[in-house]
Amino acid sequence: QENQLKAGITPNDSDYGIEEELYAGKLSHNENDIMEHDLITSLAGCYQEYYQQLYASIIKDHNPPVTASAGLMVIKLIEKAIQSNTLTQVISITP
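Residues numbered from 1 in each chain as written. Predicted model: local features only at pLDDT ≥ 70, side-chain atom pairs only at ≥ 80, totals over all residues. Heavy atoms only, no water.

Colleague: Sorry, what's going on with the confidence of the model for the chain here?
Modeller: Low pLDDT means the predicted atomic positions in that stretch should not be read closely. Summarising the model, the chain shows a mean pLDDT of 90, and 99% of its residues fall at 70 or more. Mean pLDDT across the secondary structure elements of the chain bottoms out at strand E1 (residues 25-31), with 84, and peaks at helix H3 (residues 68-87), with 93. (pLDDT = per-residue confidence, 0-100. Helix = DSSP H or I, 4+ residues; strand = E, 2+ residues; numbered from the N terminus.)

Below you can see the structure in the form of structure tokens.
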């Protein structure tokens with residue numbers, strides 16, 4: 001979103017928060033003993049809304065936009081993705 005803002009795209013523009021396809025993630029998974037590869041594009045983002053919710057959680061005692069446990073799970077998933085990329089192999093993830 002930072003580059004979009006620098007380019008003059010604002011949160012009011014329909015293209016705001018949409019990443020280019022070259023930044024899509026590649027998900028490799030086994031379906032019925034067949035390795036499949038899917039491109040996963042990010043949903044349109046809007047950090048302004050996130051920070052408004054974070055503010056409300058701190059100042060108004062609302063629920064945070066992301067729980068600590070959800071944040072931890074995302075960090076673990078990112079670490080597994082980095083490990084998979086480094087080793088160039090599929091890494092199993094257990095819930």
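Colleague: Can you walk me through the packing of aromatic side chains in this structure?
Modeller: Centre distance and the angle of the planes are the two values used to describe a pair of aromatic rings. Counted by the stated rule, this structure contains 1 aromatic pair. A ring pair is formed by Tyr-50 and Tyr-51, whose centres lie 5.2 Å apart and whose planes are at 75°; its orientation type is edge-to-face. A relative accessible area of 32% means that Tyr-50 is categorised as partly exposed. (Phe/Tyr/Trp six-rings, centres within 6.5 Å; stacked < 30°, edge-to-face > 60°. Buried < 20%, exposed > 50% of the residue type's maximum accessible area, 1.4 Å probe, protein only.)

Colleague: Would you take a moment to explain the environment of Gln-1 for this structure?
Modeller: Looking at the element boundaries, Gln-1 is found in the segment before helix H1 (2-6). Expressed as a C-alpha distance, the spacing of Gln-1 and Asn-32, which sit 31 residues apart in the sequence, is 38 Å. At a separation of 3.2 Å, a polar atom in the side chain of Gln-1 contacts the side chain of Tyr-16. Looking at Gln-1, its side chain comes within polar contact range of the main-chain nitrogen of Tyr-47, at 3.4 Å. (Polar contact = N/O pair within 3.5 Å; in protein donor to acceptor, adjacent residues only side chain to side chain.)

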